Amino acid sequence: MTVILNLEITPKDLTQITAKQKQAVESALPKAILRVAGLGRQIIKQRTEEGKGINGKFRDYSQGYIKQLKKRGFPIDPVDLFATGQMLRSMQVKSESSRRAVIFFDNQQATKKANFNQRTRPFMGFNSKEKTRLQARFTTDIKAAVGRA
């Protein structure tokens, strides 16, 4: 399971820059994209730990799962997908290319848990407010690169 977020620099932002500044943007892209992916991972983890998914509060655990959690001594409220912590700890970020980074799970068991949870309690992804925050981080990094050139 991976998360894809498309970020853009509108053409009007780049029309008035020099060739040297365009080169600075090209060289800054991989780092900026990786930073945005890292922020995305942080947003997902923090929101999930607060018991919230992409669209708000998670729905309650099933009665059968509540019994399992209680038997093992795990909290049942809030619903935070954090029974052992293994799934969220395995969430990683990596660069796939100079223009693409991914948020993923680094082991098969965590990926399986994440896929199951995503169907019942969507958490991998971003709401519009979070997308705006990620776009702002990207824009700030790119504008800084232009300013340094």
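Look a little higher up for the structure.
Residues numbered from 1 in each chain as written. Predicted model: local features only at pLDDT ≥ 70, side-chain atom pairs only at ≥ 80, totals over all residues. Heavy atoms only, no water.

S.K.: Sorry if this is basic, but what is going on with the packing of aromatic side chains here?
M.R.: Aromatic ring pairs are defined here through the distance separating the ring centres and the angle between the ring planes. For the structure shown, the criterion picks out two aromatic pairs. Pairing Tyr61 with Tyr65 gives two aromatic rings, centres 5.1 Å apart and planes at 70°, and the pair type is edge-to-face. Directly above the ring of Phe104 sits Lys94, whose terminal nitrogen or CZ lies 5.0 Å from the centroid. (Phe/Tyr/Trp six-rings, centres within 6.5 Å; stacked < 30°, edge-to-face > 60°. Lys NZ or Arg CZ within 6 Å of the ring centre and 35° of its normal.)

S.K.: How should the nonpolar core be read in this particular structure?
M.R.: A general tendency of soluble globular proteins is for nonpolar side chains to be buried together. In this structure, Met87, Met91, Phe105 and Phe123 are the most contacted members of the largest nonpolar core, which totals 33 residues. Those elements giving two or more residues to this core turn out to be helix 2 (19–49), helix 3 (63–71), helix 4 (86–89), strand 5 (100–105), helix 5 (108–120) and helix 6 (128–148). Examining the composition of this core, we find that 10 residues originate from one element, helix 2, more than from any other. (Core = buried A, V, L, I, M, F, W, Y, C linked by side-chain atoms within 4.5 Å. Buried < 20%, exposed > 50% of the residue type's maximum accessible area, 1.4 Å probe, protein only. Helix = DSSP H or I, 4+ residues; strand = E, 2+ residues; numbered from the N terminus.)

S.K.: Can you help me understand the environment of Pro78 in this one?
M.R.: Checked against the element boundaries, Pro78 lands in the loop between helix 3 and helix 4. As for Pro78 and Gly56, which are separated by 22 residues in sequence, their C-alpha atoms are 13 Å apart.

S.K.: Please clarify how the pairing of strand 4 (residues 91–97) should be interpreted in this entry.
M.R.: Along any regular strand the residues' side chains alternate between the sheet's two faces. Looking at chain direction, strand 4 and strand 5 are connected through six bridges and run antiparallel. Within strand 5, the position partnered with Met91 by the bridge is Phe105. Here strand 4 folds back onto strand 5 in antiparallel fashion, the turn holding two residues. (Pairing = 2+ DSSP bridges.)

Limitation: the analysis is restricted to geometry and does not speak to function.
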